[in-house]
Amino acid sequence: LKGHDHHMHKEIHEQPASLQMTLRGRVNAADRKFVLGGLTSLERQLPNVERALLFGCGSAWHAALIGEYMLEELASLPTSVEYASELRYRNPLIERGTLAVGVSQSGETADTLAALREVQTRGATTVGVVNAVGSSVARETDAGVYLHVGPEIGVASTKAFLGQVVVLAMLAGYMGRRRHLSDDRLIEFLEGLEALPDKVKEALETEQQMKELAYALCDREHWLYLGRGVNFPAALEGALKLKEVSYIHAEGLPAAEMKHGPIAMIDKGMPVVVLAPKDGVYSKVLSNIEEVRSRGARVIVVTSADDPELDQLAHDVVRVPETHSLLSPVVTSIPLQLLAYHAALAKGRDVDKPRNLAKSVTVE
Ligand code: M6R
């Protein structure tokens, strides 16, 4: 474990290096290109791709939701995201020109594999976004891009989740390059990707703050995680992380949905974690923070903004570095992983092997 008490802690701290591996040789801002060798066999089919369908389970499904924003924004590709377990039992309508992307760390998740086989029989071209080399999903897809983050042992996905987000980002840029993405936007995105490992390293410096918050608040039974845009799935992932390793009840929501019902749950001291990087929806998120704060919530804000108004509104401000706006979940996720890890320890849980869970879910 090389100086770490648990695999989860080691894997969280490995992320600057593991993302470097994910990006290595694939992203080149100077040459303005993405090099995704695993997709070359699809070169002739790619111009006919008209839509994308992403699927997976758990954290992989969250990564796919982030991928949806990226594919739509960078590649103007209409995209939908499905739980693999739901996709396989529906009558999925696979139109011509559908690129189906299966996202899976293990490549052995039963529902993901079954969904893959289902869309294949219906004529989709399939791509795997997989970590385990030679796994079933990797073998059965037409093409793929490996995460290359190394083995993930902790049951809670951390480095594989971020690897999935980064691979989907590269896929979006790669498709964008073949469609309408301008040179300026392409270069900006490539530079954003190249800068990520250093930004993740900086975000890891939030650990002491997250540890203190975890110990101070671990007796609260219900937590909310809020975000908008690409940070809505990051909020879902933050809530899942807390649930699975600490067994505390947590829910992720799009921040603006609060007023349609969930805000009724807020009572004095309820922890609400808000993801508010400085991006196009920042001012909207500020209003959402006001809404929950005025109802008594204990507000923890993860942000890249240096804003006195926010300092006034939040009880705790967790600072992460600014990134390309589509890539911000990669840094906002770091303090949430650390919060979940320390909350689990504060509650005396078996953080690498939470109860009732297995690393790879090979049953339906
Ligand atoms: O191996 P996979 O990526 O297919 O696994 C999917 C989920 O079972 C997995 O992400 C699960 O939700 C994790 N325990 C989350 O931390």
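Quantities reported herein were computed from a predicted structural model and do not represent experimental measurements. In every chain, residue numbers begin from 1 and rise along the written sequence. It should be noted that, the model being predicted, local features are given only for residues of pLDDT at least 70 and side-chain atom pairs only at 80 or more, the latter also being counted only at that level, while totals for whole chains, interfaces and linings use all residues. Working from all heavy atoms in the structure, the side-chain values ignore hydrogens and water.

**Q** In this structure, what is going on with the layout of surface pockets? I would like to understand it.
**A** Think of a ball as big as a water molecule: rolled over the atoms, this probe shows where empty space is left. Method remark: on a 1 Å grid restricted to protein atoms, a set of points is classed as a cavity if a 1.4 Å probe fits but cannot get out and as a pocket if it is open with protein on both sides within 12 Å along at least five of seven lines; lining residues have an atom within 4 Å of a point. Grid points are joined across faces, edges and corners, and a volume is the space filled by probe spheres set on the points. Counted as a void, the largest pocket has a volume near 680 Å³. For the lining of the largest pocket, the elements supplying multiple residues, two or more each, are helix 3 (58-75), strand 5 (98-104), helix 5 (110-121), helix 10 (231-246) and strand 9 (249-254). Along the lines of polarity and charge, the residues of the lining of the largest pocket split into 15 nonpolar, twelve polar and seven charged. Going along the chain from the N terminus, every DSSP run of H or I of four or more residues is numbered as a helix, and every run of E of two or more is numbered as a strand. Ten residues, namely Ala, Val, Leu, Ile, Met, Phe, Trp, Tyr, Cys and Pro, are considered nonpolar, four, namely Asp, Glu, Lys and Arg, are considered charged, and the remaining ones, Gly among them, are considered polar.

**Q** Honestly, the confidence of the model for the chain in this entry has me stumped. Any pointers?
**A** Low-pLDDT stretches of the model should not have their predicted coordinates read in fine detail. Model confidence for the chain is summarised by a mean pLDDT of 96, while 100% of its residues fall at 70 or above. Under the prediction, the complex receives an ipTM of 0.99, its pTM being 0.98. Predictor confidence is given residue by residue as pLDDT, running from a minimum of 0 to a maximum of 100.

**Q** Just checking my understanding: could you explain the site of the ligand for this structure?
**A** The nearness test applies per residue and asks whether one of its heavy atoms lies within 4 Å of the molecule or strand. Near the ligand you find 14 residues, and of these Ser 104, Gln 105, Ser 106, Thr 109 and Glu 244 are the closest. Contact between the ligand and Ser 104: an oxygen atom at 2.6 Å from a side-chain N or O atom of the residue. The side chain of Thr 109 places a nitrogen or oxygen atom 2.5 Å from an oxygen atom of the ligand. Here the accessible surface of atoms and residues is derived via Shrake-Rupley with a 1.4 Å probe, and residues count as covered only by protein chains that are part of the display. Against a free-state accessible area of 410 Å², the protein chains account for coverage of 90% of the ligand. For the ligand, the cavity whose grid points lie within 2 Å of the majority of its atoms is the largest pocket. Put simply, the parts of the chain that give the shell around the ligand at least two residues each are helix 3 and helix 10. No other element matches helix 3, which puts three residues into the shell around the ligand. Of the residues assigned to the shell around the ligand, the class counts are four nonpolar, eight polar and two charged. In protein, a polar contact means a hydrogen-donor-capable atom and an acceptor-capable atom, both N or O and within 3.5 Å, with residues adjacent in sequence counting only if both atoms are side-chain atoms; elsewhere, any N or O pair within 3.5 Å suffices. A molecule is said to be in a cavity or pocket once over half of its atoms fall within 2 Å of that pocket's grid points.

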